[in-house]
Amino acid sequence: MSNDPLHDPLIIAGREFRSRLWVGTGKYKNFEETRQAIEASGADVVTVAIRRVNITDKNSENLLDYIDPKKYTILPNTAGCYTVEDAVRYSRLARAAGVSDLVKLEVIGDERTLFPDTAGLIEAAKILIAEGFIVLPYTNDDPIVAQKLMDIGCPAVMPLAAPIGSGLGIRNPYNLKIIMETVNVPVIVDAGVGTASDAALAMEYGADAVLMNTAIAGAKDPIMMASAMRYAVDAGRLAFKAGRIPRKLYATASSPIEGML
Amino acid sequence: MKIIVNGEEQEHNIPLTVANLLQVLDLRTEKVAVEVNLKILDRSDFPTLNLQEGDKVEILSFIGGGSPQRRHVRGRKRYE
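Small disclaimer: the values here were computed from a predicted structure and weren't measured.

Q: Sorry if this is basic, but what is going on with the overall build of chain B here?
A: The helix and strand tally for chain B stands at one helix and five strands. When the helices and strands of chain B are read in sequence order from the N terminus, they spell out β-β-α-β-β-β. Out of the 80 residues belonging to chain B, those deemed buried represent 42%. Here the analysis covers contacts within chain B between residues at least 6 apart in sequence; of these, 50% occur between residues at least 24 apart.

Encoded structure:
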């Protein structure tokens, strides 16, 4: 179908993405389960972390043997980085590992909440953008910070729905809506989704995409949940584009009164 | 020659380039990033850079990740 409303690609920094569901690759039982869940999710962007190679176990497998970089956009993250220096170092290492200039930038501010250190985030983003990176920043649901990230050259912003891995769903829909209205780069809701309705809601609000990991990997059946999320994101996107009815306090009859006996 | 690879001390009896080291460790060069003494190398440097006594080598690659499961940096440094 030429005007299939699900087929409007998401464009970030000139790159076209087919899927509006992006997924992380952590916390799965094994690489095979990871592969199957990604397949079921329909995602074409997958996030990965960069870590020391296990040099003692020569048989340890490589994630990229299961996720074909030709088929998926590999988005390295700086998860676990608590300082600007570390986030910049990990970003450079990720680029050196040869995937691309894309980085999902995280500068974490606190171990319990894993909330972003937004001051550090902005500083790290500036450094990396100057080095030619395409910086997709994991940020708080703060419209002012989102605006600043856009102003310094981030081609998308990734505000959280709730703390990473919490499954609490969208805690501040109004802030997210304000972000969507005020920035003119794609908004990708990242982190905190618990189940399909959370993802659908994010898309109904007008998010350009949703990124999740734990909600899928931590489900009893990750592959089935990946599929559920795919439908949810599609349903939410369609509902957003279709335009919902306004909320009213009282009933409006759907059947005509005319012609009644 | 003693070098430190991913935090572990290693003894090598022959001169090694980074490419040689990766070969010894049975690692495919196209999937790793290498840092020597905090300097990130271009892949084209792998065959030419000779490792020296005491060099600290870090070899990294991509693993599953979406959100941090544990804190990676040791001895937390605050952002200043």
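Q: Looking at this structure, how should I read the interface of chain A and chain B?
A: Much of the literature gives interface size as the accessible area that the parts lose upon coming together. Listed as interface residues are 49 residues of chain A and, on the opposing side, 39 residues of chain B. Summed over both partners, the interface of chain A with chain B buries about 4000 Å², with 58% contributed by carbon and sulfur atoms. If you sort the residues of chain A by the area they bury against chain B, Arg51, Arg52 and Ile55 of chain A come out on top, with a joint share of 18%. For the pair chain A and chain B, the interface holds two salt bridges. For Glu58 of chain B, the salt bridge goes to Arg52 of chain A, with nearest N and O atoms at 2.7 Å. Between the two partners, chain A and chain B, sit eight residue pairs in polar contact (both at pLDDT 80 or more). Contributing elements (two or more residues each) for the side of chain A that touches chain B: strand S4 (45–52), helix H2 (84–96) and helix H3 (118–130) of chain A. Per-element accounting of the side of chain A that touches chain B gives the leading share, nine residues, to H2 of chain A. The class makeup of the residues in the side of chain A that touches chain B is 20 nonpolar, 14 polar and 15 charged.

Q: Even after reading the chapter, I still don't get the nonpolar core, so can you show me in this structure?
A: Generally speaking, nonpolar side chains in soluble globular proteins are found buried as a group. Ranked by size, the top nonpolar core spans 68 residues in total, and within it Met212 and Met229 of chain A carry the most contacts. Here this core gets six residues from one element, more than from any other, and that element is H2 of chain A. For Met212 of chain A, the residues in contact, after removing those within four places along its chain, are Leu21, Trp22, Val23, Gly24, Val193, Ala199 and Met229 of chain A. Core analysis: the next-biggest nonpolar cluster, separate from the first, contains 18 residues, Val53 of chain A together with Leu16, Val34 and Leu41 of chain B among them.

Q: Explain the pairing of strand S2 (residues 8–11) of chain B here, please?
A: All names here are of chain B. Pairing of strand S1 (residues 2–5) with S2, which is carried by four bridges, proceeds in the antiparallel orientation. Bridge pairing in S2 links Ile4 to Glu9. Following S1, the chain reverses through two residues before pairing antiparallel with S2; Asn6 in that reversal takes a positive phi of roughly 45°.

Q: Explain the pairing of strand S3 (residues 21–24) of chain A to me, please; I cannot follow it from the model alone.
A: The two faces of the sheet receive side chains in turn, since in a regular strand these alternate between them. Residues and elements named next belong to chain A. The side-chain alternation of S3 yields two buried faces, one formed by Leu21 and Val23 and the other by Trp22 and Gly24. Across three bridges, the pairing between S3 and strand S10 (residues 209–212) is parallel. Paired with Trp22 across the two strands is Leu211, which belongs to S10. Between the parallel pair S3 and S4, the chain is carried across by helix H1 (residues 31–41), and the sense of this crossover is right-handed.

Q: Hey, could you run me through the side chain of Ser19 of chain A in this one?
A: With respect to the helices, strands and loops of the structure, Ser19 of chain A is situated in the loop between strand S2 (15–17) and S3. Of note is the side chain of Ser19 of chain A, whose polar atom sits 2.9 Å from the backbone oxygen of Leu21 of chain A.

Q: What exactly am I supposed to notice about helix H5 (residues 173–182) of chain A here?
A: Given 3.6 residues to a turn, an α-helix orients residues that are three or four positions apart in the same direction. Residue and element names in this part refer to chain A. Three or more residues of H5 are buried, namely Pro173, Leu176, Ile179 and Met180. What you see down the axis of H5 is that its buried residues fit within an arc of 120°, all on one side. Opposite the packed face of H5, turned more than 90 degrees from it, sit the exposed residues Tyr174 and Glu181. In this structure, the buried residues of H5 make contact with helix H4 (143–151), strand S8 (158–159), strand S9 (188–190) and helix H6 (196–205).

Q: Would you take a moment to explain the sheet that holds strand S6 (residues 102–105) of chain A for this structure?
A: Residue and element names in this part refer to chain A. Taken together, the three strands give an open sheet; going across it, the order is S6-S7-S8, and neighbouring strands pair in parallel fashion. Of all strands in the sheet, those with a lone pairing partner are S6 and S8, marking the two edges. Taken together, the four bridges between S6 and strand S7 (residues 134–139) define a ladder with parallel strand orientation. When the bridges of S7 are listed, Leu102 appears paired with Ile134.

The rules we used
Residues numbered from 1 in each chain as written. Chains lettered and ligands numbered in written order. Predicted model: local features only at pLDDT ≥ 70, side-chain atom pairs only at ≥ 80, totals over all residues. Heavy atoms only, no water. Helix = DSSP H or I, 4+ residues; strand = E, 2+ residues; numbered from the N terminus. Buried < 20%, exposed > 50% of the residue type's maximum accessible area, 1.4 Å probe, protein only. Contact = heavy atoms within 4.5 Å. Buried area = accessible area lost by both parts, 1.4 Å probe. Salt bridge = Lys/Arg side-chain N within 4 Å of Asp/Glu carboxyl O. Polar contact = N/O pair within 3.5 Å; in protein donor to acceptor, adjacent residues only side chain to side chain. Nonpolar A, V, L, I, M, F, W, Y, C, P; charged D, E, K, R; others polar. Core = buried A, V, L, I, M, F, W, Y, C linked by side-chain atoms within 4.5 Å. Pairing = 2+ DSSP bridges. Right-handed = clockwise from strand over helix to strand, strands pointing away. Arc of directions from axis to C-beta.

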